[in-house]
Amino acid sequence: MAEAAGTPPDTDGDDCLREYRHLFSPDILAGRVAFITGGGSGIGFRIAEIFMRHGCRTVIASRNLQRVAEASKKLVAATGQQCLPLCLDVRQPQTIVAAVDEALKEFEQINILVNNAAGNFLCPASSLSFNAFKTVIDIDTIGTFNTSKVLFEKYFRDHGGVIVNITATLSYRGQALQVHAGSAKAAIDAMTRHLAVEWGPNQIRVNSLAPGPIMGTEGYRRLGGKFAKEANLLDTIPLQRAGNKTEIAHSALFLASPLSSYVTGTTLVVDGGSWLTSANNFPALLDFWAAGANQTQ
Ligand code: HXC
Ligand code: NAP
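Residues numbered from 1 in each chain as written. Chains lettered and ligands numbered in written order. Predicted model: local features only at pLDDT ≥ 70, side-chain atom pairs only at ≥ 80, totals over all residues. Heavy atoms only, no water.

**A word on the site of ligand 1**
- In the vicinity of ligand 1, 20 residues are found, and the nearest of them are R63, R91, N120, S129 and R222.
- At a separation of 2.8 Å, an oxygen atom of ligand 1 approaches a polar side-chain atom of R91.
- At a separation of 2.9 Å, an oxygen atom of ligand 1 approaches a polar backbone atom of N120.
- Coverage of ligand 1 by the protein chains reaches 67% of its 1,100 Å² of free accessible surface. (Near = heavy atom within 4 Å. Polar contact = N/O pair within 3.5 Å; in protein donor to acceptor, adjacent residues only side chain to side chain. Areas by Shrake-Rupley, 256 points an atom, 1.4 Å probe, with all protein chains shown as cover.)

Have a look at this one:
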């Protein structure tokens, strides 16, 4: 299948793009600072890179300090912008407070929050432990609230800001083996609307961005992306392919920038039309899961 004209290039691993052609104005985020949870890998890493290529300074924060520190070195080398790597667990508010304090000490401002940190795995509801369901809700949903609330209290309430919540389309058709992540992301989309309403008067815009299957990511690997490609399942997507991280980062850039200055309380689906047409084949997914292809532990 021919690659669609206009698809931006990407790389599989957590490396910066070898070359980059600006589509948006290169200074569209000049003078801004973005705080990106889970920014050391996958989609969050690429969002950090694309923001930095548009003049933004970034904070990338996750549980594994070594991972964000290494990512930060690559990002600085590729873009020439500052990137502060910090350790936090979005389930622990005190670690978020410490990280935000550290970021404000370094940059004196934070203008953009990307709630990208998440945890997921394939598992049928019947096999999911109580703690497994709770763990995903804790990281995705409660983690998004915790981080948003800390940023609100520490900076956004008085200075305004932009929040981009990375969600998913899993709940739209009740994706099999995904009751935990689908429920978690649906709750975040609801949170997006609630916070957009309550915080709009503080000049805070809040939106969700829901990616489809995105190549070169942990999510793609865990949810059987390779299997879907080999079984030609990606052909059922209207655009007939998986997306790439740069495409998600470009949409995040739109939502974080003044290009979307009147957009709040909505979800931007970036999935090539996938959720409209892709099969939700419970028996096939169960077989895939039972074969252990998705083991993450
Ligand atoms: C079933 C599992 C499991 C699995 C863990 N658990 N992995 N259950 N299948 N594959 C259960 C454990 O047995 C335990 O329950 C509970 O979940 C908590 O597990 P821990 O390992 O103690 O949790 P923790 O160390 O906090 O790790 C969180 C995690 C882990 C989510 C389990 O995988 C992680 O850190 N993930 C981060 C990276 C990630 O997931 N990236 C992909 C995001 S992609 P018990 O009952 O035994 O105590 C994504 C895509 C969305 O979100 C949409 C795509 C279209
Ligand atoms: P990923 O690389 O595994 O990203 C998840 C990040 O979250 C990791 O950097 C991880 O870093 C961090 N993280 C996990 N738990 C955390 C916690 N408790 N506190 C702080 N950080 C935590 O996976 P990805 O595929 O790029 O996913 C990124 C986002 O896109 C997620 O929100 C995911 O749901 C969404 N998404 C992905 C796809 C896809 O196809 N990949 C599709 C739809 C939606 P540490 O391990 O260092 O903490």
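**Topic: the site of ligand 2**
- Around ligand 2 sit 27 residues in total, of which S41, S62, R63, N116 and T217 are the nearest.
- I43 places a polar main-chain atom, nitrogen or oxygen, 2.9 Å from an oxygen atom of ligand 2.
- Between ligand 2 and the protein, one listed contact pairs an oxygen atom with a side-chain N or O atom of R67 at 3.2 Å.
- Put simply, the parts of the chain that give the shell around ligand 2 at least two residues each are α1 (42-52) and α6 (218-222).
- Top contributing element to the shell around ligand 2 by residue count: α6, with three residues.
- Residues of the shell around ligand 2, tallied by class, amount to 11 nonpolar, 10 polar and six charged. (Helix = DSSP H or I, 4+ residues; strand = E, 2+ residues; numbered from the N terminus. Nonpolar A, V, L, I, M, F, W, Y, C, P; charged D, E, K, R; others polar.)

**Looking at the side chain of S278**
- Here S278 lies in the loop between α9 (274-277) and α10 (282-290).
- Ignoring sequence-local partners within four residues, the contact set of S278 consists of R173, T236 and I237. (Contact = heavy atoms within 4.5 Å.)

**Details of the pairing of strand β3 (residues 83-87)**
- Of the strand pairs in this sheet, strand β2 (residues 57-62) and β3 are connected by five bridges, and their pairing is parallel. By the bridge assignment for β3, T58 is matched with C83.
- After leaving β2, the chain enters helix α2 (residues 65-79) and then returns to the sheet as β3, a path that is right-handed. (Pairing = 2+ DSSP bridges. Right-handed = clockwise from strand over helix to strand, strands pointing away.)

**A closer look at the pattern of salt bridges**
- Counted by the stated rule, this structure contains 13 salt bridges.
- Among the salt bridges present, the one from E49 reaches R53, with a minimum N-O distance of 2.8 Å. Here the two residues E49 and R53 agree in accessibility, since each one is buried.
- The salt bridge involving D138 is made with K134; its shortest N-O contact spans 2.8 Å. Taken as a pair, D138 and K134 lie in helix α4 (residues 130-159) at a separation of four residues, close to a single helical turn.
- For K134, a relative accessible area of 47% corresponds to the partly exposed category. (Salt bridge = Lys/Arg side-chain N within 4 Å of Asp/Glu carboxyl O. Buried < 20%, exposed > 50% of the residue type's maximum accessible area, 1.4 Å probe, protein only.)

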